[in-house]
Amino acid sequence: MMAQAPAIERLAGQQPPAEPPVAAKSSPAAARAIAVAALFAAGLALPPLLLDSTWNAVLSLALIYALMGLSVVALTGFVGQLSLMPATFVGIGAYASGRLVTSLATPFWFAAPLAATIAVPVALVIGMIALRLKGLYLAIMTLVFANVVEEFIFTKPWLVGKGRVVDAPRPHLGGISFASDKNYYVLVYLIVALFLLLAYNVSRSRTARACYAVRDNEDAAQAWGINVAKYKLIAFALSGFLAGFAGALYAHWLESVPSGGQRPLFGLEFSLTVVFFTIVGGVRSIWGPVIGGTIWVVLVRRLLAGSPNGVNIAISIFGAVVLLTMLYRPAGLVAWIGDARRKLGRRGRWAGV
Amino acid sequence: MTLAATFSAGLFAQDLLNGISLGAVFALLGLGVVLIYKSSGVLNFAHGSMAMFSTYIYFEISRTFGGVPVVVATLMAVAFGALLGAGMYLAVFRRMQEAGLLAKVIASLAVAGILQGTAAFLWRNATQARVPQQFPEGSLRIGGVGLGHQEIGTIAITIFVGVALILILRHTTFGIALRATAQNRTAAKMLGVRETRVAATSWALGGGLAALAGTLVIPLAVLTVYSMIGYMVRGFVAAVVGGFVSLPAALAGGFALGAAQESLKATPLEQLSTVFAGLAVAALLLARVERFFALDQELRALQELG
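Residues numbered from 1 in each chain as written. Chains lettered and ligands numbered in written order. Predicted model: local features only at pLDDT ≥ 70, side-chain atom pairs only at ≥ 80, totals over all residues. Heavy atoms only, no water.

1. Considerations on the overall build of chain B
- A tally of helices and strands in chain B yields 13 helices and 2 strands.
- Here the C-alpha radius of gyration of chain B, 19 Å, is about what a compact globule of 306 residues would show, namely 19 Å.
- Judged by the C-alpha coordinates and their principal axes, chain B covers about 60 × 50 × 35 Å.
- Within chain B, the proportion of its 306 residues that are buried is 59%.
- Sequence-distant contacts in chain B: of pairs separated by 6 or more residues, those separated by 24 or more amount to 77%.
- Of the charged side chains in chain B, 19 are positive and 12 negative, and the gap between their average positions amounts to 8 Å. (Helix = DSSP H or I, 4+ residues; strand = E, 2+ residues; numbered from the N terminus. Rg over C-alpha atoms; globule rule 2.2 N^0.38 Å. Buried < 20%, exposed > 50% of the residue type's maximum accessible area, 1.4 Å probe, protein only. Contact = heavy atoms within 4.5 Å. Lys, Arg positive; Asp, Glu negative; His and termini not counted. Charge placed at Lys NZ, Arg CZ, Asp CG, Glu CD.)

Below, the structure written as structure tokens:
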């Protein structure tokens, strides 16, 4: 929740709220580290021990969605570029990983990073276009590109096979199989936690501060000697990699990835879903997509699971929430948590937690 | 395979005609996108959803009241689309006048999500609906090529509506007020232009055009909550041709896109047909096509926006 700088607030034409003085770090760093470690261990162990397979599958999907949302944070949150094609990169990662595993007998451990790497050059092409096109025009460009890839690439037999389904079996490591939903949850949890840790460190780095400067005022950043093009391309590459990796995890979560038909899987709807839940959670924070993604997946897969129109009802609800968020609280749900923490901090308890 | 072997003049002419009728739909959508953008600076990503929702209204009217003539049903759907457009502006985008571009884009995407979800819920028993044609079945054949009455009607209506809109913008008080708003909001306001009224009217026109496009094209296909998305994307391309400000260019752009895209099907470059819109929009955007249509002031306004 560092650097809640004004761009998104500015997007909605509001002044950023004055940042109240941050509560002094009263608790020592060690206590904080223990708390984080305990939370990490709880997240790793509790769902497989306490919950049934269905819940484990739902929670692993929530984490995969969080990783997709992280790719939106890397782009929209860090350098202020809106892409309407996150699902396209998810699709690239998904089909690539599935094909690498089933057709080329690559182990998952190589296939998933490789699939994510395949998405990077594609993202860089979009990034290079984005250097010339700003805001509105970039959004249109990504929308049209997403439509083209969905209709032209994701339907091709050389990619998705004649049966139009790419198989993506769950991986195993030596004697340990990740085939069951509980084991797969553990794997996804570890991978996504690693990415979140990386993202957390990146978000506090010099690179990220340069990115925030680009996001908040490109001309000013340029004037300060920041290489705007470089940081935009870094953000695009990172975003493509994260979305591609999420796609690989998603493919092996699904176990078989369909294509084409009346309702394309990696189309505009999926992209909108990812953008929506990230904005609802908070597009500036790496925890935003975790919160937003979890709410989305639990809503669609559990609360509305019985309804044939679950996804559409959820899209309506999220659309309404996004609208209210844009009109009244552009920083997303994460901001409320920040507020709550500050209020508690002012009372002197829980300070620094 | 040689060029000559795969190319047939008759097929080409037929595809070209089909393309022009498809292009009419792109043009109708593009005109609405331009009107909405000019009046309020919103690139309306909900345009396809508005068209889809209004077409479901048309479907519902023709299903529930079997006796209603199709013309009346179509006009009711268009009226609904106009109300929907004006309502969206008054409820959402009027409050976002000062907001940045991305906020407006995201808000319009949110509206699209709401409309899509609501339609999918309301018509959950009609996920693949058939709607009646406005024009009689059958086609007009001249020489080796023919075109259905519905397609011919769509082309004629589009040209009529497009020319009427261009004249309205050029000569009426509303049109002048709208153009003034697009060029300089503050100055227009100071000169007494009622921004809300002008923008709401433009949104109503845009919504009506979207409804018209949907009700005219969907009878030839199947109505689902997703069926207007591809058309909307190509409507955006038509709007891009006019740099989001020029109605005549958007009208011509829609027809040209449809004709080019479909006529490619009869050539050895058939594979390019689906991606043509993407290639076209990339070329147009990178060439900064808006320079050729927008006045200096409009260009400045555009730059301020994005």
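From this point, things continue past the structure.
2. Notes on the overall build of chain A
- Along chain A, the regular secondary structure elements total 15 helices and 4 strands.
- Taking all 353 residues of chain A together, 53% fall into the buried category.
- Within chain A, contacts between residues at least 6 apart in sequence are counted, and of these 77% link residues at least 24 apart.
- Carbon and sulfur atoms make up 67% of the accessible area of chain A, which amounts to about 15,300 Å² in all. (Areas by Shrake-Rupley, 256 points an atom, 1.4 Å probe, with all protein chains shown as cover.)

3. Side note on the side chain of B:Thr181
Residue and element names in this part refer to chain B.
- The residue Thr181 is located in helix H7 (residues 173–183) in this model.
- At 2.7 Å, the side chain of Thr181 and the backbone oxygen of Ala177 are in polar contact.
- When residues no more than four places from it in sequence are discounted, the contact partners of Thr181 are Ser39, Ala188, Val193, Glu195 and Val198. (Polar contact = N/O pair within 3.5 Å; in protein donor to acceptor, adjacent residues only side chain to side chain.)

4. As for the pattern of salt bridges
- For the structure shown, the criterion picks out 6 salt bridges over all chains.
- Note that A:Arg170 and A:Asp181 form a salt bridge whose closest N and O atoms lie 3.0 Å from each other. Highlighted residues: A:Arg170 in the loop between strand S1 (165–167) and strand S2 (172–173) and A:Asp181 in helix H8 (residues 181–203), separated in sequence by 11 residues.
- We classify A:Arg170 as buried; its relative accessible area is 11%.
- With relative accessibility at 24%, the residue A:Asp181 sits in the partly exposed group.
- One salt bridge in this structure joins B:Glu262 and B:Lys265, with 3.0 Å as the shortest N-O distance.
- On the basis of relative accessible area, B:Glu262 is assigned to the buried category, the value being 9%.
- According to the relative accessible area criterion, B:Lys265 is partly exposed, its value standing at 40%.
- Each of A:Arg170, A:Asp181 and A:Glu255 takes part in salt bridges that share partners, so that together they form one network. (Salt bridge = Lys/Arg side-chain N within 4 Å of Asp/Glu carboxyl O.)

5. Regarding the confidence of the model for chain A
Residue and element names in this part refer to chain A.
- Averaged over every residue, the pLDDT of chain A is 79; the share at 70 or more is 83%.
- Mean pLDDT values for the elements of chain A range from 46 in helix H1 (residues 7–11) up to 91 in helix H11 (residues 228–254).
- Scored below 50 in pLDDT, residues 1–17 makes 47 contacts in the model with residues more than four places away or belonging to other chains.
- Across residues 347–353 the pLDDT falls below 50, and counting only partners more than four positions away or on other chains, this stretch makes 8 contacts in the model. (pLDDT = per-residue confidence, 0-100.)

6. Let's talk about empty space enclosed by the protein
- Using the criterion set out here, one finds 5 cavities of 30 Å³ or more in the structure.
- By volume, the largest cavity amounts to about 130 Å³.
- Lining the largest cavity are 14 residues, and of these A:Leu268, B:Ser49, B:Ala112, B:Gln116 and B:Ile229 sit closest to its centre.
- Looking at the lining of the largest cavity, the elements that each hand over two or more residues are helix H12 (268–281) of chain A together with helix H3 (47–64), helix H5 (101–122) and helix H10 (229–241) of chain B.
- Of the residues assigned to the lining of the largest cavity, the class counts are 10 nonpolar, 3 polar and 1 charged.
- Estimated volume of the second largest cavity: approximately 100 Å³.
- In this structure, the second largest cavity is lined by 14 residues; those nearest its centre are A:Ser71, A:Leu75, A:Ser83, A:Pro86 and A:Ser239. (1 Å grid on protein atoms, 1.4 Å probe; cavity = no way out; pocket = protein on both sides within 12 Å on 5 of 7 lines; lining within 4 Å. Points joined across faces, edges and corners; volume = space filled by probe spheres on them. Nonpolar A, V, L, I, M, F, W, Y, C, P; charged D, E, K, R; others polar.)

7. With respect to unusual backbone geometry
Residue and element names in this part refer to chain A.
- Despite not being glycine, Ala105 shows a phi value in the positive range, around 55°.
- For Ala105, the location among the structural elements is in the loop between helix H4 (86–102) and helix H5 (108–132).
- At Glu255, a residue that is not glycine, the phi angle is positive and equals roughly 75°.

8. Observations regarding the packing of H4(A) against H11(A)
Residue and element names in this part refer to chain A.
- Look at H4 against H11: their axes get within 6 Å of each other, and the N-to-C directions meet at 50°. Judged by the inter-axis angle, H4 sits oblique to H11. Relative to H11, the crossing made by H4 is right-handed. Residues Pro86, Phe89, Val90, Gly93, Ala94, Ser97, Gly98 and Val101 of H4 form the contact with H11, whose own contacting residues are Gly240, Ala243, Gly244, Gly247, Ala248, Tyr250, Ala251 and His252.
- Of the residues in the contact of H4 with H11, the class split is 9 nonpolar, 7 polar and no charged. (Axes fitted to C-alpha atoms, helices over the stretch in contact; angles between N-to-C directions. Parallel < 35°, antiparallel > 145°, perpendicular 65-115°, else oblique. Left-handed = near helix turned anticlockwise from the far one by under 90°.)

9. Let's talk about the interface of chain A and chain B
- With 44 residues of chain A at the contact, the number on the chain B side is 51 residues.
- A combined buried area of about 4,100 Å² lies between chain A and chain B, and 75% of that area is made up of carbon and sulfur atoms.
- Where chain A packs against chain B, one counts 0 salt bridges.
- At the boundary of chain A with chain B, the tally comes to 2 residue pairs in polar contact (both at pLDDT 80 or more). (Buried area = accessible area lost by both parts, 1.4 Å probe.)

10. Some details on the nonpolar core
- Counting residues in each nonpolar core, the largest one holds 211 residues, and the members touching the most others are A:Ile140, A:Tyr250, B:Phe93 and B:Phe244.
- Top contributing element to this core by residue count: helix H3 (residues 53–79) of chain A, with 18 residues. (Core = buried A, V, L, I, M, F, W, Y, C linked by side-chain atoms within 4.5 Å.)

11. So, the side chain of A:Gln81
- Within the fold, A:Gln81 resides in the loop between H3 and H4.
- Setting aside anything within four residues of it in sequence, one finds A:Gln81 in contact with A:Leu75, A:Thr76, A:Ala130, A:Leu138, A:Lys232 and A:Phe236.

12. Overview of the pairing of strand S1 (residues 139–142) of chain B
Residues and elements named next belong to chain B.
- Summarising the sheet, S1 and strand S2 (residues 145–148) pair through 4 bridges and their orientation is antiparallel. What sits directly across from Leu140, in S2, is Leu147.
- Adjacent in sequence and paired antiparallel, S1 and S2 are bridged by 2 residues, among which Gly143 carries a positive phi angle near 65°. (Pairing = 2+ DSSP bridges.)

13. Some details on the packing of helix H6 (residues 149–171) of chain B against helix H9 (residues 195–217) of chain B
Residues and elements named next belong to chain B.
- Look at H6 against H9: their axes get within 11 Å of each other, and the N-to-C directions meet at 170°. Regarding the angle of H6 to H9, the classification is roughly antiparallel. For the pair H6 and H9, the sense of crossing is left-handed. From H6, Gln150, Thr154, Ile157, Val161 and Leu165 reach across to H9, where they touch Leu205, Leu209, Leu212, Thr215 and Leu216.

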